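One-letter residues, chain by chain:
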Amino acid sequence: MLNQVSCECGYQAREDDEAAVIRTVQQHVRDSHPELVDQVTPDVIRGWIELVP
Ligand SMILES: [Zn+2]
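What counts, and at which threshold
- Residues numbered from 1 in each chain as written.
- Predicted model: local features only at pLDDT ≥ 70, side-chain atom pairs only at ≥ 80, totals over all residues.
- Heavy atoms only, no water.
- Donors = N, O, S within 2.8 Å, 3.2 Å for Na, K, Ca; no water.
- Tetrahedral: all angles 85-135°; square planar, octahedral: opposite > 155°, others 65-115°.
- Buried < 20%, exposed > 50% of the residue type's maximum accessible area, 1.4 Å probe, protein only.
- Pairing = 2+ DSSP bridges.
- Helix = DSSP H or I, 4+ residues; strand = E, 2+ residues; numbered from the N terminus.

S.K.: In this structure, what is going on with the coordination of the zinc ion? I would like to understand it.
M.R.: Six octahedral donors at a metal ideally form angles of 90 or 180 degrees, and four tetrahedral donors ideally form angles of 109.5 degrees. Protein coordination at the zinc ion comes from Cys7 (SG), Cys9 (SG), His28 (NE2) and His33 (NE2), with a distance range of 2.0 to 2.3 Å. One can describe the donor arrangement at the zinc ion as tetrahedral, given that its four donor atoms subtend angles of 104 to 116° at the metal. We note that the donor set of the zinc ion lies within a single chain, spaced as C-x1-C-x18-H-x4-H. Note on His28: relative accessible area 9%, which makes it buried. Judged by relative accessible area, His33 falls into the buried class, the value being 11%.

The following block contains the structure:
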C-alpha cells in the first residue's frame, strides 16, 4: 500500500511509508504554500493520508 496525500492545488504525494510522505508534503507546502507552513504540521498531514494499493 502507498501513502497518498492529495493537496487542494491538485498536487499528489505518494510514498511507501508515512514518514516519507509527510516529508514530501512538507517540502511541497514550503515550495508552493509558504503561508501554510506553520499550520501544516505532521499531525495535520497524517490526517490527510489515504492508503492506496
Ligand atoms: Zn499544494
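So much for the structure itself; the text now carries on.
S.K.: Looking at this structure, how should I read the pairing of strand 1 (residues 2-6)?
M.R.: Residues in a regular strand project their side chains so that they alternate between the two faces of the sheet. With three bridges connecting them, strand 1 and strand 3 (residues 50-52) associate as antiparallel partners. Of the residues in strand 3, the one forming a bridge with Gln4 is Glu50. Of the strand pairs in this sheet, strand 1 and strand 2 (residues 12-15) are connected by four bridges, and their pairing is antiparallel. Across the sheet, the residue bridging to Ser6 is Gln12, located in strand 2. As consecutive antiparallel partners, strand 1 and strand 2 are separated by five residues, and within that stretch Gly10 has a phi angle of approximately 105°, a positive value.

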